[in-house]
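The residues making up each chain are set out below.
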Amino acid sequence: MKYFLEAKDLGVIDEPTTVGIGGDPGCTDYIKIYLKISQNDIIEDAKAQVFGCHVAVACTSAYLQLIKNKNIRDAVNIKSKDVVKEVGGLSDKKTHCSELGPLALENAISDYLINKLYATQEDS
Ligand code: FES
């Protein structure tokens, strides 16, 4: 409840480094995550729009706090089980709400790495 009532970092980042979407086809809820990533791959800022239930809002807020100021390699290793632990547990029916953040991050980081690879090839 605390993460829902005091949800942090909901919204967008102007000129993000990368953006990713993570959704659940079962309930159709999804989030869009915005990341500002430094040259040395640190997530300097993270925000998200949540198009989903109140548990998705709470889980996304908790997830954003967990990934901020982390290297992207460490951030992708923060999984839904870590979110469930952070929010104090979820019922089986709501566990999928904790998976939206990690899914969105994986998509955002994939795009980021592909763009970085293309930029490197253009420079050489
Ligand atoms: Fe589907 Fe919460 S994200 S019910």
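Within any chain, residue numbers begin from 1 and follow the written order of that chain's sequence. With the structure being a predicted model, the display of local features is reserved for residues of pLDDT at least 70 and the display and counting of side-chain atom pairs for 80 or more, all residues being used for whole-chain, interface and lining totals. Only heavy atoms go into the side-chain values, all of them from the structure, while hydrogens and water stay out.

Help me out: how do you make sense of the nonpolar core in this one?
The tendency in soluble globular proteins is for nonpolar side chains to be buried as a group. By convention a nonpolar core is built from buried Ala, Val, Leu, Ile, Met, Phe, Trp, Tyr and Cys residues, the set being connected through side-chain atoms within 4.5 Å. Partly exposed residues are those whose accessible area sits between 20% and 50% of the maximum for their type, while under 20% is buried and over 50% is exposed, using a 1.4 Å probe and protein chains only. In this structure, I33, L35, I37, I43, Y63, I67 and L105 are the most contacted members of the largest nonpolar core, which totals 28 residues. Within the residue set of this core, elements represented by two or more residues are β2 (30-37), β3 (43-51), α2 (54-67), α3 (72-75) and α5 (100-123). Runs of H or I in DSSP of at least four residues are treated as helices and runs of E of at least two as strands, each being numbered from the N terminus. At 8 residues, α2 tops the list of elements feeding residues into this core. Throughout, a contact is declared for two residues whenever any of their heavy atoms are within 4.5 Å. Residues within four places of I43 in sequence aside, it is in contact with L35, K36, I37, I67, K68, N69, K70, I72, A75 and L105.

When you look at a nonpolar patch on the surface in this model, what are you seeing that I'm missing?
Like-charged residues are merged into a patch within 9 Å and nonpolar side chains (Val, Leu, Ile, Met, Phe, Trp, Tyr) within 5 Å, provided each residue has over 30% relative accessible area and no salt bridge. What sets the accessible areas is the Shrake-Rupley method with a 1.4 Å probe; for residues, cover comes only from the shown protein chains. We count a salt bridge whenever a side-chain nitrogen from Lys or Arg sits within 4 Å of a carboxyl oxygen from Asp or Glu. A grouping of M1, F4 and L5 is seen on the molecular surface, where their side chains present a nonpolar patch of about 350 Å² in accessible area. A relative accessible area of 63% places L5 in the exposed class.

Before we go on, may I ask you to explain the environment of V83 in this structure?
Here V83 lies in helix α4 (residues 80-86). Spatially, the C-alpha atoms of V83 and C27 are 19 Å apart, while their sequence positions differ by 56 residues. The contact partners of V83, leaving out residues within four places of it in the chain, are C59, Y63, L66 and S98.

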